[in-house]
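The lines below spell out each chain.
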Amino acid sequence: MDGTLDYEYAAGDTLQTWGYTCKVDDEAYSLTGHTVRIRIYPLSVGAWSEYAATVVSAAAGTVSFAPSDAAIIVSTGAGFYGVVWEVTRTSDGKILTFPDTGYLLAKVHGLG
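Read on for a plain summary of the structure. (Residues numbered from 1 in each chain as written. Predicted model: local features only at pLDDT ≥ 70, side-chain atom pairs only at ≥ 80, totals over all residues. Heavy atoms only, no water.)

## Thoughts on the pairing of strand β6 (residues 49-52)
No. 1: On β6, burial follows the alternation: S49 and Y51 on one face are buried, whereas E50 and A52 on the facing-out side are not.
No. 2: Relative to β6, strand β5 (residues 34-42) is paired through four bridges, and the arrangement is antiparallel. By the bridge assignment for β6, R37 is matched with A52.
No. 3: Remark: six residues form the turn of the hairpin made by β5 and β6, two consecutive strands paired antiparallel; G46 in that turn has positive phi of roughly 85°. (Buried < 20%, exposed > 50% of the residue type's maximum accessible area, 1.4 Å probe, protein only. Helix = DSSP H or I, 4+ residues; strand = E, 2+ residues; numbered from the N terminus. Pairing = 2+ DSSP bridges.)

## Details of a nonpolar patch on the surface
No. 1: A cluster of nonpolar residues, L5, L43 and F80, forms a patch on the protein surface that exposes about 240 Å² of accessible area.
No. 2: Here L43 is to be found in the loop between β5 and β6.
No. 3: Using a relative accessible area of 35% as the deciding quantity, one classes L43 as partly exposed. (Patch = residues over 30% accessible without salt bridge, like charges linked within 9 Å, V, L, I, M, F, W, Y side chains within 5 Å. Areas by Shrake-Rupley, 256 points an atom, 1.4 Å probe, with all protein chains shown as cover. Salt bridge = Lys/Arg side-chain N within 4 Å of Asp/Glu carboxyl O.)

## Let's talk about the sheet that holds strand β8 (residues 62-65)
No. 1: Reading across from one edge, β2-β8-β7 is the order of the three strands in this open sheet, with antiparallel pairing throughout. With partners counted over all chains shown, the strands left at the sheet margins are β2 (18-21) and β7 (54-57), one partner each. The average angle at which neighbouring strand axes cross in this sheet is 30°, direction not considered.
No. 2: Sheet topology places β7 next to β8; three bridges connect them, and they run antiparallel. From the neighbouring strand, V55 faces β8, where its bridge partner is V63. (Axes fitted to C-alpha atoms, helices over the stretch in contact; angles between N-to-C directions.)

## Thoughts on the pattern of salt bridges
Proximity of charged atoms lets side chains of opposite charge pair with each other.
No. 1: Summed over the entire model, instances satisfying the criterion amount to three salt bridges.
No. 2: The partner of E50 in a salt bridge is R37, with the nearest N and O atoms 3.3 Å apart. With E50 in strand β6 and R37 in strand β5, this residue pair connects regions lying 13 residues apart in the sequence.
No. 3: For E50, a relative accessible area of 35% corresponds to the partly exposed category.
No. 4: Given the relative accessible area of 29%, R37 is considered partly exposed.
No. 5: Salt-bridge contacts for E50 lead to R39; the nearest nitrogen and oxygen are separated by 3.0 Å. A residue pair is termed long-range when its members are at least 10 positions apart, and E50 in strand β6 and R39 in strand β5 qualify at eleven residues.
No. 6: What emerges from the salt-bridge pattern is a single network uniting R37, R39 and E50.

Here it is in structure tokens:
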């Protein structure tokens, strides 16, 4: 995390999705045979919450998530959140986390 926003979200929007391309050594990481979860942490309070994410293209390593599906965002509201994507290989349960250091930064805007 370098202080730049990776995602922004207006609380209450239901059409927005967050996307990410999982890469290892600057190459797309194949998600074939993997499940993906997004982990979200409100930086002001609380602990990590996990939600199922969607694999958009297994070959391209792309995933997405609708932030309106995150109960932690709905209950905590406006503020900054840490975000990581957790990829689990189904054959042996081994996990890779993206990004591999730190977290992505999301800002949630409150309504009016």
